[in-house]
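Survey of secondary and tertiary structure
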Amino acid sequence: MLWRSLSGHGTRGRTSRAAMREERGSVAVFSALVMVILLGIGAVVVDIGVERVARADMQALADVVALDLARELDGRTVAELAPLMPGYAAASRERNQEVIGYDAHLPELEIELGRLLDGDFQEMASGVPTAVRVEAATTVDFAFAGVTGLATGDTDRRAVAEARSAACFQIGSYAASITPGAAPFFEELLGPIIGGTTVRMAGYQGLASADVSLLDILSAPSIGIGTVDGLLAMPSVSVGSFFRAMAFALRSDGRIAEAAVLDSAASAVVPATINLRDLFGLTTSSDAALAVRFNALDMLIGAAFLANGTNLIDLPNLQAGVPSVGVTNLQFRIIELPRRACDDDEAKTAQARLTADAKLLLHIPLVKTPLISLSLIGDDGKPNNESPLKIDIEVAGARGRLVEVSCDPDRFVADIWRDLIRLRLTGGLRLEGTVEATVLGVPAVKIPVTFNVAIEADGSSGPVGPTRVDVQYPPQQYGQPVPAPPAEIEMNPLTVRRVAGSLQTGPVKVLGINVPTSTLDAAVNPLLDTIMALIRSELHLVDPLVQKVNDIVGPLATGMGITLAGADFFGLPTPVCASPALRG
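These lines cover the structure that appears in this document, whether it is placed above or below. Computed from a prediction, not measured in an experiment: that's the story for all the values here.

Thoughts on the packing of aromatic side chains
Taken as a whole, this structure holds five aromatic pairs when the rule is applied. Residues Y473 and Y478 carry aromatic rings whose centres are separated by 4.1 Å and whose planes lie at 0 degrees to one another, so their mutual orientation is stacked. Look at Y473 and you get buried, because its relative accessible area is 4%. Chaining the aromatic ring pairs together yields one cluster made of F169, F412, Y473, Y478 and F569.

This is the structure in structure tokens:
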């Protein structure tokens, strides 16, 4: 029994060792297969990585070459540029050899000239191109060609660059509006914001002749942005901080006296914030914006406009020096702020509206002659010596858009529109009384009459434009206005007319007979011209008010930087031409 047991154990041991040897053989085969697969995968990964590096290098090369070629888009035509582009591209490629496989496979460059339309590149066969598209292609050698069976791989990338001329401009200027007549407006506007003392010490002339660059203002310690993108992203800044930044910029330019005015304004200004994006009129990042120099007085008054949240300004009473006229509910409101513009944006002057109610005090009766007796009646049908008037002045000013910009010398081409200008005084009278006329052959018949009269003085003007302005600096000096064609804006003399269909006559009996209305109308009509002339002579009291409105409109518009006689264009120094930028 013992022998059989030992003998059985030995047999099972030999079987187990044999099985282990067989398993070791299987693992070796499996490991070899796995190594082959992993080697293949590794080879593919390495070669794909090389190709991805080559693709990134081609994108970088296409970007750089496109930017270099865009600098050559300076107004020359496709016919002029096409023969030169391969050489320009080759030179750019030589300057940028830090790409994989450059020595083994020289990258190939394909160049197309064209323009961007709604963000898409369009190739041009002729004309003046403003954009260039570059395709950079290369071949890379794979390190594991023996494993993957692929010796090389091709890759290409594209880039589009656009050359744009960038410039900033404005329509109208406060600095160009410094006249004695405009002084009260400046005091009314600036006094509540920066204090009357600062307004009086400014004198305007110094600030009107001082310019500051946007870069100097933004990089001042009180703001500290330094980029247009930072300005666009900035929600708001205190008016005091902005004035201190202007003072910093002026002091850096040696304008010590003007800087002191801004320091005083910063100390006296009411707590208020403004949006610099709105003040400078920027809606998109502009290559020209940082280099542009803005007039210091324009910036000071522009900030006051923005800080005055209600946009209401008190003006001298219109009835001053106008007898028999009472003016109430006088209101002046800035409907839209002035806005500078860069590149494709639209610049505007301020848009403002002045409204007022007036009461004209008339005699009772208004007209009294041997044949005519007419009195003013109110809405209640009773005699009344007060006639309501409405004054409505709306000045929309002008707007402009750049059409073309070039450099060496600086040249601006812009289209200017002058918008609707409303200048009206309106009112109405309801008259009642008697007129003596011959009726049915009977003389001196008193005919009861009632009719309405419309009073109006109008100097409104409809939209005008566009007018093309083409100015070159020099000979034109920066800061000097370039006027667009003028238009005369003045309230016309008062007109008085009978409201059609308002005449009511009768009832009248002649010899006991009721006279038809048509017969009475026929008897009164020949006298109406005389009646209207008499009424007009009695309304001479309104003429001083018309003149008063005309006296105010000029300084009012001038103080807003609006030129009612047209539209003043100001190119702002200095435009940037053929500035390249990648698109898409």
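Concerning the pairing of strand β1 (residues 108-117)
Sheet topology note: the β1/strand β3 (residues 131-141) ladder contains seven bridges and is antiparallel. Looking at the pairing, E108 lines up with A137 of β3. Here β1 folds back onto strand β2 (residues 120-123) in antiparallel fashion, the turn holding two residues, of which D118 has a positive phi close to 55 degrees.

Some details on helix α13 (residues 296-307)
The end-to-end C-alpha distance of α13, which contains 12 residues, comes to 16 Å, matching closely the 16 Å that a straight helix rising 1.5 Å per residue would cover. Most of α13 sits inside the fold, with 12 of its 12 residues counted as buried. Within α13, burial applies to A296, L297, D298, M299, L300, I301, G302, A303, A304, F305, L306 and A307. The opening residue of α13 is N295, an N-cap whose side-chain oxygen sits 2.9 Å from the backbone nitrogen of L297.

Quick look at the state of the cysteines
Under the counting rule described, the total for this entry stands at two disulfides. Note that C168 is cross-linked by a disulfide to C342, the S-S spacing being 1.8 Å. Handedness of the C168-C342 disulfide follows from its S-S torsion of about 100 degrees: it is right-handed. Note that C168 is positioned in strand β4 (residues 152-171) and C342 in strand β10 (residues 341-342), a separation of 174 residues in sequence. In this model, C407 is linked to C577 through a disulfide, with the two sulfur atoms separated by 1.8 Å.

So, how was this worked out
Residues numbered from 1 in each chain as written. Predicted model: local features only at pLDDT ≥ 70, side-chain atom pairs only at ≥ 80, totals over all residues. Heavy atoms only, no water. Phe/Tyr/Trp six-rings, centres within 6.5 Å; stacked < 30°, edge-to-face > 60°. Buried < 20%, exposed > 50% of the residue type's maximum accessible area, 1.4 Å probe, protein only. Pairing = 2+ DSSP bridges. Helix = DSSP H or I, 4+ residues; strand = E, 2+ residues; numbered from the N terminus. Expected span 1.5 Å × (residues − 1). Polar contact = N/O pair within 3.5 Å; in protein donor to acceptor, adjacent residues only side chain to side chain. Disulfide = S-S within 2.5 Å.

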